[in-house]
Amino acid sequence: MTDYTPEQEDDDELYEHYNFTAVKGQQPLRIDKYLMNFIENATRNKIQAAAKSGNIYVNDEPVKSNYKVKPFDVIRVLFEHPPYENLLTPENIPLNIVYEDDDLLVVNKEAGMVVHPGHGNYSGTLINALIYHFDNLPNNSSNRPGLVHRIDKDTSGLLVVAKNEEAMAHLSKQFFDKTSEREYIAIVWGNMEEEEGTIEGNIGRHPKNRLQNTVFFGDDEDKGKPAVTHYKVLERMGYVTLVSCKLETGRTHQIRVHMKHIGHTLFNDERYGGERILKGTTFTKYKQFVDNCFKVLPRQALHAKTLGFVHPKTKQFMSFDSEIPEDMQLCIEKWQHYVKHQEVK
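Definitions and limits used
- Residues numbered from 1 in each chain as written.
- Predicted model: local features only at pLDDT ≥ 70, side-chain atom pairs only at ≥ 80, totals over all residues.
- Heavy atoms only, no water.
- Core = buried A, V, L, I, M, F, W, Y, C linked by side-chain atoms within 4.5 Å.
- Buried < 20%, exposed > 50% of the residue type's maximum accessible area, 1.4 Å probe, protein only.
- Helix = DSSP H or I, 4+ residues; strand = E, 2+ residues; numbered from the N terminus.
- Contact = heavy atoms within 4.5 Å.
- Pairing = 2+ DSSP bridges.
- Expected span 1.5 Å × (residues − 1).
- Arc of directions from axis to C-beta.
- Polar contact = N/O pair within 3.5 Å; in protein donor to acceptor, adjacent residues only side chain to side chain.
- Axes fitted to C-alpha atoms, helices over the stretch in contact; angles between N-to-C directions.
- Parallel < 35°, antiparallel > 145°, perpendicular 65-115°, else oblique.
- Left-handed = near helix turned anticlockwise from the far one by under 90°.
- Nonpolar A, V, L, I, M, F, W, Y, C, P; charged D, E, K, R; others polar.

1. Details of the nonpolar core
Right, so step 1: In terms of nonpolar packing, the biggest core is built from 32 residues, with L126, L130, Y184, V243, I255 and M259 touching the most fellow members.
Right, so step 2: Counting only elements with at least two residues in this core, the list comes to β8 (104-109), α3 (126-133), β9 (156-162), β10 (181-189), β14 (228-237), β15 (240-247), α5 (254-261) and β16 (302-310).
Right, so step 3: It is α3 that contributes the most residues to this core, five residues altogether.
Right, so step 4: Those residues in contact with M259 that sit more than four places away from it in its chain are V188, M192, I199, Y231, V243, C245, H264, T265 and L266.
Right, so step 5: W189, M237, L242 and I332 belong to the second largest nonpolar core, which has 20 residues in total.

2. Some details on the pairing of β16
Right, so step 1: Taken across its nine residues, β16 has eight buried, putting it largely inside the fold.
Right, so step 2: Direction of pairing for β9 relative to β16: parallel, over a ladder of two bridges. When the sheet's bridge partners are listed, S156 is paired in β16 with H303.
Right, so step 3: As defined by bridge partners, β10 adjoins β16 across six bridges and the pair is classed as antiparallel. From the neighbouring strand, I185 faces β16, where its bridge partner is H303.
Right, so step 4: The sheet contact formed by β16 and strand β17 (residues 317-321) spans five bridges and is antiparallel. Bridge pairing in β17 links T306 to D321.
Right, so step 5: The antiparallel pairing of β16 with β17 creates a hairpin that spans six residues between the two strands, and K315 there sits at a positive phi of about 65°.

3. Points about the side chain of N108
Right, so step 1: Following the sequence through the fold, N108 ends up in strand β8.
Right, so step 2: We classify N108 as buried; its relative accessible area is 18%.

4. Things to note about helix α6 (residues 284-296)
Right, so step 1: Its 13 residues place the ends of α6 19 Å apart at the C-alpha level, agreeing with the 18 Å of an ideal helix rising 1.5 Å per residue.
Right, so step 2: Buried residues of α6: Y286, F289, V290, C293 and F294, and no others. Seen along its axis, α6 keeps its buried residues to an arc of 140°; they face one direction. Seen from the buried face of α6, the exposed residues on the opposite side, beyond 90 degrees, are T284, K285 and K295.
Right, so step 3: Among the structural elements, β10 and α7 (326-341) are those in contact with the buried residues of α6.

5. Here we look at the environment of K163
Right, so step 1: Mapping K163 onto the fold places it in the loop between β9 and α4 (165-176).
Right, so step 2: Given the relative accessible area of 19%, K163 is considered buried.
Right, so step 3: The sequence separation of K163 and D101 amounts to 62 residues, and the corresponding C-alpha distance is 8.9 Å.
Right, so step 4: A distance of 2.8 Å separates the side chain of K163 from the side chain of E100, its partner in a polar contact.

6. Observations regarding the packing of α6 against α7
Right, so step 1: Here α6 crosses α7 at 160°, and the two axes come no closer than 8 Å. Of the possible angle classes, the one that applies to α6 and α7 is roughly antiparallel. Where α6 crosses over α7, the handedness of that crossing is right-handed. On α7, the residues that touch Y286, F289, V290, N292, C293 and V296 of α6 are D327, L330, C331, K334, W335 and Y338.
Right, so step 2: Residues that form the contact of α6 with α7 fall into these classes: nine nonpolar, one polar and two charged.

Right, here's the structure in full:
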């Protein structure tokens, strides 16, 4: 009896899940290590299994997991099934709806809920919940039902959802024209020098870590898209600052990237390095205090607190406000208590 190994299907019968091009300065690096920096929730074992199955291609040739990535290599990951984010399944997930009418609804999203299916998150998302509770939601330009805008998985707060094509077009135009109003509350590392200010810097995908975005400037400015964030200090709490951020644009991770760019990374923002102690003392008690804050708030300290827009049908301006969630409020209170009872240098 002989072993039967099915032939790899033709390229045009496979579905592309990922596509990357190595940058000019790419140092030789095993492809399994390289892809771990670019694919969210991927493990080295899963990447190696995909390579063994012939699903990882470099310059249109299948490679093994020990292949060394070189500058300008075109890397594609192909599977026999379409990307799961294209397969939307209704799920009976409760929604915290703060307002609803025939044209739209405003949802207060909990931290931990992904807005739309994507790499590593194919169920339990806001869209899975929306298509269960509402029929015939209009698709946006990315074929995502109802979504006018989005916020990150571990950011809490307000989102507006369109229930028909007219509302989708009208609301999307407001976000594009920057006439919608959005205020976020954040805890950032460090004592900010200015009471308020504006951060301007083009934002684009980080060339070495595609799970991050970064600010491009100078000759590289055109690698990113224009982004503007207005901030104001609400309270100084020693080694961290509570700030209000108002978005003029809506780039992915905008506040997280802009704050890191000016040296004030969001508190406990693991993706951007805020889960380490960036300011403070070397005392063991201080480290224990910060670790306790991280346990109370196990995510980046960011909440989409207010949202304002013109209603697509009534043409009246509507404004919504939400409470700072309990985990973030507890963290704020811990820092307030700390700064009252400790000498902060």
